[in-house]
Amino acid sequence: MVPAGTATGSVDWQALESAAREALKNAYAPYSKFAVGAAALTADGRIVSGCNVENASYGLTLCAECTMVGNLQMTGGGSLRAFYCVDAGGQVLMPCGRCRQLLYEFRAPDMQLMTTQGIKTMDQVLPDAFGPQHLEETR
Ligand code: THU
């Protein structure tokens, strides 16, 4: 685990980019040949990362964000403050719609994402999100 910031301090985006590029090397993408690496800074200063893991049954593919969230849970849980995702060319990759929902579940209140248009908030990339609060409302 590499510390890349504190709960209230600034985010070391370069450290997140490096972690995402490192994670990318573990990608299992024999079908799409599109490797993805994702990394995030947790509220308590850890870096968690993940890569995509495909399957012969194509629809079962795990996006890099899925394995990253699994990594988050397996290394102490908590929430995500900052997120960075890259493709094999090292370019910033926008999380797919499903993964925006995954990230929303584990967001810290001020979560930021590196996007192709610069740094954005979770609300900007998933406006009017469905979340745990809606389950509470109907119970
Ligand atoms: N992929 C991700 O890992 N994350 C995303 O947010 C977008 C798509 C992966 C899934 C699949 O293995 C490959 O990229 C091509 O869709």
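Here's a quick rundown of the structure. The shown structure was predicted, so the numbers you read here are calculated from the model rather than taken from an experiment. (Residues numbered from 1 in each chain as written. Predicted model: local features only at pLDDT ≥ 70, side-chain atom pairs only at ≥ 80, totals over all residues. Heavy atoms only, no water.)

### A closer look at the sheet that holds strand β4 (residues 107-115)
Phase 1: With respect to topology, 5 strands assemble into an open sheet ordered β2-β1-β3-β4-β5, the strand pairing being mixed. The open sheet has two edge strands with one neighbour each: β2 (47-51) and β5 (118-121). Strand-to-strand, the axes of this sheet are offset by a mean angle of 20°, without reference to chain direction.
Phase 2: Both strand β1 (residues 36-42) and β2 contribute to a ladder of 5 bridges, which runs antiparallel. Residue pairing across strands places L41 opposite I47, the latter belonging to β2. (Pairing = 2+ DSSP bridges. Helix = DSSP H or I, 4+ residues; strand = E, 2+ residues; numbered from the N terminus. Axes fitted to C-alpha atoms, helices over the stretch in contact; angles between N-to-C directions.)

### With respect to the packing of aromatic side chains
Phase 1: With the rule as written, the count across this model stands at 2 aromatic pairs.
Phase 2: Consider the rings of W13 and Y84, whose centres lie 6.4 Å apart with planes at 50°: the pair is tilted. Of this pair, W13 sits in helix α1 (residues 13-24) while Y84 sits in strand β3 (residues 80-87), and the two are 71 residues apart along the sequence. Of the two residues examined, W13 and Y84, each falls in the buried class.
Phase 3: Each ring, one from Y31 and one from Y58, has its centre 5.5 Å from the other, and the planes form 45°; the classification is tilted. On the criterion of sequence distance, the pair formed by Y31 in the loop between α1 and β1 and Y58 in the loop between β2 and α2 (64-74) is long-range, its members being 27 residues apart.
Phase 4: By relative accessible area, which is 59% here, Y58 ends up exposed.
Phase 5: Lying across the ring of Y104, R107 places its NZ or CZ 3.7 Å from the centre. (Phe/Tyr/Trp six-rings, centres within 6.5 Å; stacked < 30°, edge-to-face > 60°. Buried < 20%, exposed > 50% of the residue type's maximum accessible area, 1.4 Å probe, protein only. Lys NZ or Arg CZ within 6 Å of the ring centre and 35° of its normal.)

### Considerations on the site of the ligand
Phase 1: The local shell around the ligand consists of S32, F34, V36, N52, E54, T61, C63, A64, E65, M94, P95 and C96.
Phase 2: N52 has a polar side-chain atom sitting 2.9 Å from an oxygen atom of the ligand.
Phase 3: In isolation the ligand offers 370 Å² of accessible surface; the protein chains occlude 79% of this area.
Phase 4: Looking at the shell around the ligand residue by residue, the class counts come to 7 nonpolar, 3 polar and 2 charged. (Near = heavy atom within 4 Å. Polar contact = N/O pair within 3.5 Å; in protein donor to acceptor, adjacent residues only side chain to side chain. Areas by Shrake-Rupley, 256 points an atom, 1.4 Å probe, with all protein chains shown as cover. Nonpolar A, V, L, I, M, F, W, Y, C, P; charged D, E, K, R; others polar.)

### What about the pairing of β2?
Phase 1: Most of β2 sits inside the fold, with 4 of its 5 residues counted as buried.
Phase 2: Where β1 hands over to β2, the hairpin turn is made up of 4 residues, of which G45 adopts a positive phi near 90°.

### Some words on the packing of α2 against helix α3 (residues 97-105)
Phase 1: One can describe the packing of α2 onto α3 by two numbers: an axis separation of 9 Å at closest approach and a directional angle of 15°. The pairing of α2 with α3 is recorded here as roughly parallel in orientation. Here the hand of the crossing between α2 and α3 comes out left-handed. For the pair α2 and α3, contact is made by E65, C66 and M68 and by R98, C99, L102 and L103, respectively.
Phase 2: Looking at side-chain class alone, the contact of α2 with α3 contains 5 nonpolar, no polar and 2 charged residues. (Parallel < 35°, antiparallel > 145°, perpendicular 65-115°, else oblique. Left-handed = near helix turned anticlockwise from the far one by under 90°. Contact = heavy atoms within 4.5 Å.)

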